[in-house]
Each structure stands twice: as structure tokens, then as C-alpha cells.
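# Summary of structural features
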Amino acid sequence: MTDSKYFTTTKKGEIFELKAELNSDKKEKKKEAVKKVIASMTVGKDVSALFPDVVNCMQTDNLELKKLVYLYLMNYAKSQPDMAIMAVNTFVKDCEDPNPLIRALAVRTMGCIRVDKITEYLCEPLRKCLKDEDPYVRKTAAVCVAKLHDINAQLVEDQGFLDTLKDLISDSNPMVVANAVAALSEIAESHPNSNLLDLNPQTINKLLTALNECTEWGQIFILDCLANYTPRDDRESQSICERVTPRLSHANSAVVLSAVKVLMKFMEMLPKDLDYYGTLLKKLAPPLVTLLSAEPELQYVALRNINLIVQKRPEILKHEMKVFFVKYNDPIYVKLEKLDIMIRLASQANIAQVLAELKEYATEVDVDFVRKAVRAIGRCAIKVEQSAERCVSTLLDLIQTKVNYVVQEAIVVIKDIFRKYPNKYESVIATLCENLDSLDEPEARAAMIWIVGEYAERIDNADELLESFLEGFHDESTQVQLQLLTAIVKLFLKKPTETQELVQQVLSLATQDSDNPDLRDRGYIYWRLLSTDPVAAKEVVLAEKPLISEETDLIEPTLLDELICHIGTLASVYHKPPSAFVEGSRGVQHKRLPARAGSGESAESPEVGQSGTSEAPPAVIPSQGDLLGDLLNLDLAPATTTVPSVQPSMQMGAMDLLGGGLDSLPGVSHRTEMQSPQPSSDYSERELGGDIGGSPSMGAALGAPAAMPAALSNAPAVGGGLGDLFDLGGGVGMPTGFYVAPKTLFLPAMKAKGLEISGTFARRGGIIQMDLSLTNKAMSVMTDFAIQFNRNSFGLAPAGPLQVLTPLTPNQTIDVSLPLGTTGPVMKMEPLNNLQVAVKNNIDVFYFSCQYPLSLLFVEDGKMERQVFLATWKDIPNDNEAQFQIKDVHLNSDAASNKLQGSNIFTIAKRTVDAQDMLYQSIKLTNGIWVLAEMRVQTGNPNYTLSIKCRAPEVSQFVYQCYELVLKN
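Cut-offs applied
- Residues numbered from 1 in each chain as written.
- Predicted model: local features only at pLDDT ≥ 70, side-chain atom pairs only at ≥ 80, totals over all residues.
- Heavy atoms only, no water.
- Helix = DSSP H or I, 4+ residues; strand = E, 2+ residues; numbered from the N terminus.
- Contact = heavy atoms within 4.5 Å.
- Phe/Tyr/Trp six-rings, centres within 6.5 Å; stacked < 30°, edge-to-face > 60°.
- Buried < 20%, exposed > 50% of the residue type's maximum accessible area, 1.4 Å probe, protein only.
- Pairing = 2+ DSSP bridges.
- Axes fitted to C-alpha atoms, helices over the stretch in contact; angles between N-to-C directions.
- Core = buried A, V, L, I, M, F, W, Y, C linked by side-chain atoms within 4.5 Å.
- pLDDT = per-residue confidence, 0-100.
- Patch = residues over 30% accessible without salt bridge, like charges linked within 9 Å, V, L, I, M, F, W, Y side chains within 5 Å.
- Areas by Shrake-Rupley, 256 points an atom, 1.4 Å probe, with all protein chains shown as cover.
- Salt bridge = Lys/Arg side-chain N within 4 Å of Asp/Glu carboxyl O.
- Lys, Arg positive; Asp, Glu negative; His and termini not counted.
- Charge placed at Lys NZ, Arg CZ, Asp CG, Glu CD.
- Parallel < 35°, antiparallel > 145°, perpendicular 65-115°, else oblique.
- Nonpolar A, V, L, I, M, F, W, Y, C, P; charged D, E, K, R; others polar.
- Left-handed = near helix turned anticlockwise from the far one by under 90°.
- Expected span 1.5 Å × (residues − 1).
- Disulfide = S-S within 2.5 Å.

A separate point is the overall build of the protein. Scanning the protein from N- to C-terminus turns up 39 helices and 15 strands. For the protein, contacts bridging at least 24 residues in sequence account for 68% of all contacts bridging at least 6.

Another point: the packing of aromatic side chains. Inspection of every chain in the model, using the stated rule, returns 12 aromatic pairs. Consider the rings of Y361 and F369, whose centres lie 5.2 Å apart with planes at 40°: the pair is tilted. Each member of the pair, Y361 together with F369, is buried. Ring centres of Y574 and F581 lie 4.8 Å apart, and the angle between their planes is 85°; this geometry places the pair in the edge-to-face category. On the accessibility criterion, F581 (29% relative accessible area) is partly exposed. Among the aromatic side chains, those forming a connected cluster through ring pairs are F746, F761, F848 and Y852.

Within the secondary structure, K338 is located in helix 19 (residues 332-345). What makes K338 buried here is its relative accessible area of 1%.

A sheet is described by the order of its strands in space; here three strands give the open sequence 6-9-10, paired in antiparallel fashion. Strands with a single pairing partner mark the edges of an open sheet, and in this sheet they are strand 6 (786-789) and strand 10 (845-851). Within this sheet the neighbouring strands show an average axis-to-axis angle of 25°, counted without direction.

Before going further, it helps to examine the side chain of T109. Inspection of the secondary structure assignment puts T109 in helix 7 (residues 100-112). Classification of T109 as buried rests on a relative accessible area of 1%. Filtering out sequence-adjacent residues up to four positions away, T109 remains in contact with Y70, M74 and F91.

We now examine the nonpolar core. Core analysis: the biggest nonpolar cluster contains 210 residues, and Y72, L207, V244, L358 and F418 have the highest contact counts within it. Aside from chain neighbours lying at most four places away, what touches F418 is Y425, E426, V428, I429, L432, W450, I451 and Y455. Membership of the second largest hydrophobic core comes to 68 residues, among which are Y739, L808, I905 and Y944.

This part covers the confidence of the model for the protein. Mean pLDDT over the protein works out to 78, with 83% of the residues at or above the 70 mark. Throughout residues 598-735 the model reports pLDDT below 50, and contacts reaching past four residues in sequence, or to other chains, amount to 236 contacts.

This part is about unusual backbone geometry. Backbone geometry follows two general trends: most residues other than glycine have a negative phi, and most peptide bonds adopt the trans configuration. Residues E830 and P831 are joined by a peptide bond in cis, for which omega reads -5°. One non-glycine residue, K402, lies in positive phi territory at about 65°. Positive phi is not limited to glycine here, since A915 has a value of about 55°. With respect to the helices and strands, A915 occurs in the loop between strand 12 (906-913) and strand 13 (916-924). We classify A915 as partly exposed; its relative accessible area is 46%.

Before going further, it helps to examine a negative patch on the surface. A contiguous patch of negative charge on the surface is contributed by E464, E467, E471 and E501. Among the secondary structure elements, E471 is positioned in the loop between helix 26 (462-470) and helix 27 (478-494).

Here the structure, examined in full by the defined rule, presents 36 salt bridges. Across the salt bridge formed by E454 and K545, the nearest N and O atoms sit 3.5 Å from each other. Here E454 is found in helix 25 (residues 442-454), whereas its partner K545 is found in the loop between helix 30 (534-541) and helix 31 (557-564), with 91 residues between them in sequence. For the salt bridge of D815 with K743, the shortest nitrogen-to-oxygen distance reads 3.5 Å. Remark: K743 occurs in the loop between strand 2 (732-733) and strand 3 (744-747) and D815 occurs in strand 8 (residues 813-821); sequence separation between them is 72 residues. Within this structure, R371, R375, E409, E441 and E443 form a network of salt bridges that share partners.

The next thing to look at is the packing of helix 25 against helix 27. Between helix 25 and helix 27, the least distance of the axes is 8 Å, while the angle of their chain directions is 10°. Comparing their axes, helix 27 and helix 25 come out roughly parallel. Counting all contacts with helix 25, which are made through P442, E443, R445, A446, I449, W450, G453 and E454, the residues of helix 27 involved are Q479, V480, Q483, L484, A487, K490 and K494. Classifying every residue of the contact of helix 25 with helix 27 gives seven nonpolar, three polar and five charged.

Here L593 lies in the loop between helix 32 (570-574) and helix 33 (666-669). Considering only alpha carbons, one finds L593 and D561, 32 residues apart in sequence, at a separation of 5.9 Å.

Spatial strand order, 11-15-14-13-12: five strands in an open sheet with antiparallel pairing. Every interior strand has two partners, whereas the edge strands, strand 11 (881-886) and strand 12, have only one. For this sheet, the mean inter-axis angle between neighbouring strands, taken without regard to orientation, is 20°. Note: strand 13 against strand 14 (residues 930-938), nine bridges, orientation antiparallel. Bridge pairing in strand 14 links M918 to R936.

Right, let's talk about the packing of helix 12 (residues 174-190) against helix 14 (residues 216-227) for a bit. Their axes nearest at 8 Å, the elements helix 12 and helix 14 cross at an angle of 55°. Viewed along their axes, helix 12 and helix 14 adopt a mutual orientation that is oblique. Judged by the sense of rotation from one axis to the other, the crossing of helix 12 with helix 14 is left-handed. Contacts between helix 12 and helix 14 involve A178, V181 and A182 from the first element and G218, F221, I222 and C225 from the second. Here the contact of helix 12 with helix 14 is built from residues that sort into six nonpolar, one polar and no charged.

Turning our attention to the pairing of strand 13. Within strand 13, eight of the nine residues are buried, which leaves the element mostly enclosed by the surrounding structure. Bridge count between strand 12 and strand 13: seven bridges; the pairing is antiparallel. Paired with T907 across the strands is Q921, a residue of strand 13. Counting the residues between successive antiparallel strands, the hairpin from strand 12 to strand 13 contains two residues, one of them, D914, with a positive phi of roughly 50°. Here strand 13 hands over to strand 14 after five residues, with G928 in that stretch at a positive phi of 90°.

So, about helix 14. Compared with an ideal rise of 1.5 Å per residue, which puts 12 residues at 16 Å, helix 14 spans 17 Å between its outermost C-alpha atoms and is within 8% of the ideal. Those residues of helix 14 that sit buried are G218, Q219, I220, I222, L223, C225, L226 and A227.

Assignment of secondary structure puts D46 in the loop between helix 2 (27-42) and helix 3 (51-56). Residue class for D46 comes out exposed when judged on its relative accessible area of 57%. In this structure the C-alpha to C-alpha distance between D46 and I15, which are 31 residues apart in sequence, comes to 9.9 Å.

Another aspect to go through is the pairing of strand 9 (residues 834-840). Across the seven residues of strand 9, seven count as buried, placing the element largely inside the fold. Side chains N834, Q836, A838 and K840 project from strand 9 onto one buried face, and the interleaved L835, V837 and V839 project onto a second face that is buried too. Where strand 6 and strand 9 come together, four bridges link them in antiparallel fashion. What sits directly across from F789, in strand 9, is V837. Where strand 9 meets strand 10, seven bridges bridge the pair, whose relative direction is antiparallel. The residue bridging V837 from the neighbouring strand is F848, located in strand 10.

What follows concerns the state of the cysteines. Counted under the stated rule, the structure contains zero disulfides. Residue C129 stays outside any disulfide, its sulfur separated by 4.1 Å from that of C95, the closest cysteine. Residue classification places C129 among the buried positions, given a relative accessible area of 0%.

This is the structure in C-alpha cells:
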């Protein structure tokens, strides 16, 4: 008879009858009664009233009965803690039973009874079981320590169970070792900072020995533990990999993935030119391919993990493209994942095969899959340039099918192809325009509008096409509205005479009839730009755009490294770190890959290990041991929100940006001459040098341009209340102080992977500042900016970090003011005012050189006493005197004197002889050098004569340049 009889309902006094049976003298009757109690408990009946009677049944030699009673105890001990204490004596007794199965059963049940009152009674039995002669009891006791730690961590530590557990790692039985590792890993996870698993080469050796002999779950625990170890060198790394490799052929997929995780991590330390490295790559492919023959759910998990592996090391599976081809009966989630991996593996060698397959998929019946297949064709075109033409013709064939959703997806991907290969495939625009009426999805409509706007000069009826979209402007999604606004502005800038009405209409719709803040803001910006300076508008709106990158959906490298350390866990399926979906303290420990052998850098991840300091400070560029070796160190601390005052003895961090040799600096092989600044209607000296609200350094502290360009603040009013939109003139002080040259281009985007830097120098309130504009012309976000100067003639050095407080997004420009000090290391440069700079961000380190006006170094206390001036002039040898002509200056002597005083060139005395004014002037540089000058101004003559005397005559030429700059601007 089967066990179903225990679940059949009996008479009214069921509990009473069970009670009587439990107290029966007959062993068989007792066993039947306990089975009935467990059956009632299983179906949800409350049989807690029978607790004392069931506990009495514990005193038996029958193993089956004992198991049932222990099962009951585990279930009801929490609700009946006082009664549960009755069972303690039996537990203690059972822990000394001659039968190891009973000893193990007792210790297992003790760990499962989560009652504080009982835990202290369990310490002694547990201690005995941890040192039991039978390995089965020891392995059970090891897991019990982890359970007890969860209930009362302090008790476990006080009783010394953790040390006993560590000793079990050296146990002779592999299963005991595996359980000890599992228990310690569990405890370590809830206490990330405790160094419980103190892994060293000896321990690792013991774990690897146990690996071959324990069960599959034991192997997983040991492999996961190995993955947390960082080998000392590449030899140890190779040795571990060799001993782990046999696990790749295990039947259990979890063991395979855990082995892959260990190998992927330790491969980081192997030199790529090592023969074993290539062998290992070949060995990793077959087990991953085998995982794809399992049932769909397992396939999906395997594919999610393979997706990470392919992003990290595409070479592992580069010859296995065919296994990722979709089967007709694959579930949709497997199909989409396979498609993603196919694109990642696509290369020039296999692209024909991939494209033929994708074209086939695009005729399937599953709409989501077809959409993804069409997108995949576009991604192939962007990734493999040689295939672009074939991809475009495939997409055109698909457009001819006239299947609505296929056409729409094709248009979206063709837009991206245009962005990657401008002026190459525009002949297909006519075909695209034929399908305008069938577009009903926002993304496809937006893509089509972008194409029409971008290539308006090639489309005869572009204005009609865009006007047709404008009719239902308010019913469109925001994405389409924004795109339409930009496209019509582009069209207007290309064909101004024909489209004036159209642009007025769209600007009015965007600014006055819309309540979407993004749309209104963009509308106002365009309106303002067009009404103020159409030439500038053309430069902004029709600027050359950066090409889009090959892979836009790659996981960010530091996150990818962390996910590689979590292969075979939920994190690898979600593609998110555990901290993103695990609540509480567990799982928050960030893991990262070890550093590659001989690289000197701490992995690809820029962050220092979470648990504290990193092993060695990572150098951004290996030092070359040249004259750059002892450069000012760079502070990479987070930027503060105020401009720090210039400290004479600056202490900065220990990272050298310029350690990569001077040969890459533009200023070494060819000097960039300082451009003679032209007067500009857009940015005069007043605007760029102005302070905000009267405070001398507030503009700099905000990291903003000091004032609004005059061109904008005096712009004519535009209808609809737009006239005073940017009227920021009120409250902006415009001193006639230090002359600030307009910003010049320091670093073009093409030389800095999309980062463009332009800038100028200023002296405000006695503080030297470098005003920079950083523009991101790349497709990825830029962060972690830092700056460093090479040694230079006057010891110029950053007095604080480069304050880029927010990430620099694509096409964004941020203005930054960097305070400079003059206490850095000194080395004479050629020319004297040359400055070599290194700028670092999350992408790379970039170098440029620029030249600063020497007036930057003219200090405020540079006015000499008359007598001292006379004595010094006589004292300086006549050989040190240099004469210069300053031409085309239309100022009288007083106006010139006032203007020069703004740049700390002080007039000490003035003499008039024969209608010629003689101005005697003094200048003091930051390094204490005095410069004396005599300037002759003849009434009605625009040419001045300047005589300069200085104990350091090499300075004279640059002082003359400052006179020219100040007087002519």
C-alpha cells in the first residue's frame, strides 16, 4: 500500500487519536502515527499541539522514525521555543551515537532549528562533530557552522568555530574540504571585510587536489573559491589553469561555467605570446558550444554568459559562428540572444555567411525577431566596412518587400549607416522617400526626418516632405518633434530664401504652442541663434558630425570585468552587478580581474579594489626616465566646487601624466606660433575678462564663461516675447582690466579621440587662470578629467584639480577655469613662454603645447619708486637694452598708460619733449625679475618706440609682445 493512506481524513477526534497512537508501546504504531502527523503538517494542518508527544518518540534506534521526528521539530521549533528545549538532551545524546548517520542527522537538525535559546546548548555537540572521525559527520558539521553563524555570528566567533572550519580545508576527505569552503564562502559573503578565506598557494594546492574527487556541487564551491584568488605571477596562474581545465568536460553545466570563470580570470595574467595562452583559448570553445545543445532554458543562460565572454575575448569563439545560427524551433528569447552574439562575432571572414543568414531571418513570421534581424544587418554594415555595400543592397531588397515593420526598421538602420559612411550611399534616399507615407512608428519617422534634414540640398522637394510632417506636429511623439525642429532649421540654413515661412512656423509651434520643456528650450536656442548670428548658427547646426562607433551596445569595460568574475551566477544573466539587484549587505563586494602579466597596471578597471588600497599605485603611463620623470605630481581627488587659493607649496597625488616621453608633444617637433589675436565682435576683452556680479573670482568658481557675449545680449527682439530671453546684461560688471585674448584651439578633436580643447589665459584679482573649453566630439561620455604641466620657464603649475564636475556627454561643451600657481619646477623652454600640457580622461591621455602671454606673470606690486627706477636703469648694462617699434596704435599717451596699467605695466613718470611724450614704466614678474621700459609717443604719429632694459634680456622680446597685444586690442 502506498503512502497516500496517511493523507486520508479520519474521524472527529483526529488529534486525540494521533496522541494515543504516538504514546503506544508498539514501535510500528508509533511510526505510522508520526507519518500521519507529518502528512497533516505537509497539507497545512496545525499539529503543533502534539509537540511533546512527538518529541518523546525521539528516543528510538529506528533511523526512519528519528528522521521524521527531526523533520517535525525543524518545522515547529520556532513557534514552540520553550518546548523545543526538551529536545536538547536527545540531540546531545545523538551526537555521540555510534552510528555516524545519526550523529550527522542530529548536527544537521540542530543547525536548522533557528531558536536563540537552543543555540548555546549546541556548541559542545557541534565542536565534537567538527572533529569527528567520520568524514560524513565532519562535512555536515561544517555546513552547520555557517547556519549557526547566520543565527548568532558572535557566538560562532567566540567559540572558535571559524578557526576549526579553516582547519577543515586541510582535511583528507574532499567532500569535507568542499563543505568547509562553501561554509567559509557563505560567512565571508555576509562579512565582506573579514579575511576568512585566507587563500595562499598551499591552500590553493589542497583545494585543487580535492577538486578531482568531490561531487559536482563540491566542485562548484571550490571553483568559485578559486575564482576569488589572485595568483602571485603568471607561472602560478598557468599551473592553476592546467589543473582546472579538465573540469571543462564535466557533464554538469554549472561546473563547466564555474571552470570557465576561473580560466577567464586567470588568463588575464598570462602573457599573450605564451603558447599555453593559445592552447587555452582553443580548449574553451568546445565546452561552450556543448552547452548550446541543452534544453532552451539552459541554452539561454549559456548564451547570456557567452555574450560576456565574446565581448571580453571574441577570439575564443571566432570560428564557431555556425552554432549560433537560429533554429526554426528555438524559443524567441534564445533566437534574440543568438542574433546578438552573431553580430559580435561578425568579421570580414564570415560576413557573407552571416548576411545570407540574416536575410533569411528577415522573412520569418515572428515580428520581434524580424525587427532584430533587420537591425543586425545594419550593425554588420557599421562593424565590417567591407560589407557595407552588400548590407545596404540587402536592406533595399527588404524595403522592396513593402512589409511595413521591415521597411521601418530598415530606414532606422540606414540612418546609422549614413552616419558611419557619409557621402557614400546617399543614392538610396529616393527609394526611402517613396515609403514616407507608410511610416507610423516614432523611431522610423524620426530617422526619415533626420535623413531629409541632413541631405536637404540633395532632395528637391525636401520642404514639402517636412511640411507634410508639420501638419500633425502636436500629435507626434517628442522624439519626432525634436527631430523635425532640427531638420527644418538645417533646411532653412541650406535654402534660406525658400523656407523662411516654414522655419517661422516650426519655431512658433515649438516655443509658443508646446508645453514640452526640451522642445521649448531647443526652439528658443535655434530662434536666438538664427536671429543673432546666422553664420554662427550655420557653424553650430551644420557642423561636421563625428562618425558613430562600431559597437554601441558594448558593456562598459569596468562593468564587463566585474561580470566576468560572476560568470555562472544571476549577475551574468541579468548583465548587472550583484549590488544592483541583491538587497542588504550581501553581494555588494565588487570583484575585478587581476592585472595582466608585466603590464604594471591594475587590470583594465580604473578603480581601486573596494576592500581598501590597491596593491600598487597604477601609473597612467609608464615612466620613460627622461626629463619628465620628476614632473609635478597630479592630484586626482574629486573636484571641489570652489577655486582653491594658490598655495606656495602644493602637495599633489602621486600620478605622472606626462611620463610617456616628449616626442608626442606638438611643441617639440614644430612650435605653434602664438596667433596674433584679431579684434572680435563676438568676444571682446571685456566679455571674456569680465567678473560676474562684481565678485572677482565668482565667474571662475562657477566654471562658467565670465559674461554673456555682447552679440547675444544686444540681439534684436524676436516676436513672441523672445526679445529679453537672454538679456543677461544687467548686473554683469565689465572692468577694463587685464586683457584676455580670445580662446584659440589648443587640441583638435581628431588628435584626441574626439576631445577638443580651446582656451586662453587670464589674470583676475591676482590669480592666474587658464580658461578652457572642453568639447566632446566623440560618441561616448567622457569623465575623470585631470591635467598636468611639464616643467616650464616660470614654474607654472595647476593650483587645483581640473573641475569638470559632470560627465561630458557627446556634442557637449564645458567651460572650466583652472587656477595656476608659479611654484612648480622650473626649466627653460624654447620659446620662453611655451607650456606643455597633458590632459587625462577615462579614454586616454592627450598632449598639447600652447604659449601664454608673459603679462600673465606681471604682478600687482610692480610700481617702482622714481629714485630706485633711475638707479636701476643706470645699473643695468647698455648691452641689455632692446628697442622695438609698435605700429598702428591710435591712442594718446594717457590712454595708453591707463590701458597698460590694467595689465600691471605701471607708469612711474612722464616727460614731454618737443611734442613727444616719454613714459617711464616698470614691471615685476612673479619670479622677482624687474623689467624697465621707456615708451615714446609722438602726437599724431601712430608708431611708438619702446626701449626695454632687463637683467634677463631674453625676456624683452616677450614683454614687447605683451605691449603690442594690450595696446592693439
